[in-house]
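The chain contents come next:
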Amino acid sequence: MAFRITQPVRHPDVDRAGIVYFPRFYDFFHRALEDFFSAEVGVPYHDVEERLGVAFPVVRIETDFESPLAHGDQVTVELETERIGARSVALRYRVFRPGASSPAATSRIVLCAVGVPGWKKAALPDGVRRAFERHLAAGAAR
């Protein structure tokens, strides 16, 4: 089952055409990730490096934009785990307009665990792995 947050599209999110400027979608995705860490891992994202000794940089990203979002839309952002590796996790994010059944955007983002300090690949901490496992997509790989 996907982890979900709801948030409004705010004025700084839109361009002169009145729709969400595409890089802002990545802010939406990261907000969902930050909320996921607080709610599911039990560690606020800003404390992850200090408390878990790892960081999670993005190493791959692919996004399909299907329909625009407008200022004032109350959107739902879903985070779902597609694959969990020894040192990485592949996530699928989807953003939905109010009442829509099809996503306005879908993104696949791969995060790699790296130890800090040092910035070398590291194993996913057990608590992080368990949290992502709780949100595995149907047919996803562990």
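Residues numbered from 1 in each chain as written. Predicted model: local features only at pLDDT ≥ 70, side-chain atom pairs only at ≥ 80, totals over all residues. Heavy atoms only, no water.

## Regarding the packing of aromatic side chains
Using the following cut-off: Pairing of aromatic rings covers Phe, Tyr and Trp, the last counted by its six-membered ring, and requires centre-to-centre distances within 6.5 Å; plane angles under 30 degrees mean stacked, over 60 mean edge-to-face, and any other angle means tilted. Only DSSP runs of H or I covering at least 4 residues are called helices, and only runs of E covering at least 2 are called strands; the numbering of each starts at the N terminus. Here the term buried applies to any residue with accessible area under 20% of the maximum for its type, exposed to any over 50%, and partly exposed to those in between, with areas from a 1.4 Å probe on protein chains only.
Here the structure, examined in full by the defined rule, presents 12 aromatic pairs. Aromatic side chains Tyr26 and Phe29 sit 5.7 Å apart centroid to centroid with 80 degrees between the ring planes, which places their arrangement in the edge-to-face category. Highlighted residues: Tyr26 and Phe29, both in helix H1 (residues 23-41), separated by three residues, approximately one helical turn. Tyr26 sits in the partly exposed class, given a relative accessible area of 27%. Note on Phe37 and Phe56: the rings are 5.5 Å apart at their centroids and 45 degrees apart in plane angle, and the pair reads as tilted. With Phe37 in helix H1 and Phe56 in the loop between strand E2 (54-55) and strand E3 (58-65), this residue pair connects regions lying 19 residues apart in the sequence. Take Phe56: its relative accessible area is 6%, and that puts it in the buried class.

## Some words on H1
This is how it is decided: Working rule for helices: expected span equals 1.5 Å times residues minus one.
Between its first and last C-alpha, H1 extends 26 Å over 19 residues, near the 27 Å set by a 1.5 Å rise per residue. Among all positions in H1, only Phe25, Phe28, Phe29, Ala32, Leu33, Phe36, Phe37 and Val41 are buried. Within two residues after H1, Gly42 carries a phi angle of roughly 85 degrees, on the positive side.

## Focus on the packing of H1 against helix H3 (residues 126-133)
Keep this limit in mind: For helices, the fitted line uses only the C-alpha atoms of the stretch in contact; every axis is such a line through C-alpha atoms, and the angle between N-to-C directions lies from 0 to 180 degrees. Orientation categories follow fixed angle ranges, with anything under 35 degrees roughly parallel, anything over 145 roughly antiparallel, 65 to 115 roughly perpendicular, and all other angles oblique. The contact criterion used is simple: two residues touch if any of their non-hydrogen atoms lie within 4.5 Å. Three categories are distinguished: nonpolar for Ala, Val, Leu, Ile, Met, Phe, Trp, Tyr, Cys and Pro, charged for Asp, Glu, Lys and Arg, and polar for the others, with Gly belonging to the last.
At a minimum axis separation of 10 Å, H1 and H3 run at an interaxial angle of 105 degrees. In terms of orientation, H1 lies roughly perpendicular with respect to H3. Two secondary-structure elements touch here, H1 through Leu33, Phe36, Phe37, Glu40 and Val41 and H3 through Val128, Ala131 and Phe132. Residue classes in the contact of H1 with H3 are distributed as seven nonpolar, no polar and one charged.

## What about the side chain of Arg92?
Within the secondary structure, Arg92 sits in strand E5 (residues 88-96). According to the relative accessible area criterion, Arg92 is buried, its value standing at 17%. Residues in contact with Arg92, not counting those within four places in the same chain, are Glu78, Leu79, Glu80, Glu82, Thr106, Ser107 and Arg108.

Geometric values such as these leave the question of function open.
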